[in-house]
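Listed below are the residues making up each chain.
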Amino acid sequence: MIRFLKGLILLPIAIVVVLLAVANRQPVMLSFDPFSNGTPAFSLPMPLYALIFAAVAVGIVVGGIGSWLGQGDTRRDRRAKGRELARLRNEAERLRQTASAHTPTVGRTALPAPVSRA
């Protein structure tokens, strides 16, 4: 079912991407020199669809890095809670071992019998 839904969503996206690439094959000049009007020193001719795809890819990477940096506090808290959990588990295991080493003899209770008030 999940595979069908992925196909149902990804197939139209793939068709749109292919149509975008076919419709925008014309070369455009990508210039990295904002001060030169004639022939820029740093320029690169490339198809428009490649420029669009590169811009989307850079946006995805920058967004992912921003999201990762924004979740730093959550990751730090999770590591601290993991250390605390490990410490508490070790303490519980140590207490179990201590309690099993000091088991009372048969017929003896840990607490005295309750006194009835009549």
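Chemist: It is not clear to me how the packing of aromatic side chains should be interpreted in this structure. Could you clarify?
Modeler: Two aromatic rings are characterised by how far apart their centres lie and by the angle between their planes. All told, the structure shown has one aromatic pair when counted by the stated rule. Plain terms: the ring middles of Tyr49 and Phe53 are 5.9 Å apart, the flat faces sit at 70° to each other, and that makes the pair edge-to-face. Here Phe53 and Tyr49 lie together in helix α2 (residues 48-70), a separation of four residues that amounts to about one turn. A relative accessible area of 28% means that Tyr49 is categorised as partly exposed. Owing to a relative accessible area of 30%, Phe53 belongs among the partly exposed residues under this scheme.

Chemist: I tried to follow the confidence of the model for the protein chain on my own but got confused; where do I start?
Modeler: Fine structural detail should not be taken from predicted coordinates in areas where pLDDT scores are low. In this model, the protein chain carries a mean pLDDT of 86, and residues with pLDDT of at least 70 account for 92%. Of all helices and strands in the protein chain, the one with the weakest mean pLDDT is strand β1 (residues 27-31) (86), whereas helix α3 (residues 72-101) scores best (94).

Chemist: Looking at this structure, I do not really get the environment of Gly70. What am I missing?
Modeler: With respect to the helices and strands, the residue Gly70 is situated in helix α2. Given a relative accessible area of 59%, Gly70 falls into the exposed group.

About the cut-offs
- Residues numbered from 1 in each chain as written.
- Predicted model: local features only at pLDDT ≥ 70, side-chain atom pairs only at ≥ 80, totals over all residues.
- Heavy atoms only, no water.
- Phe/Tyr/Trp six-rings, centres within 6.5 Å; stacked < 30°, edge-to-face > 60°.
- Helix = DSSP H or I, 4+ residues; strand = E, 2+ residues; numbered from the N terminus.
- Buried < 20%, exposed > 50% of the residue type's maximum accessible area, 1.4 Å probe, protein only.
- pLDDT = per-residue confidence, 0-100.

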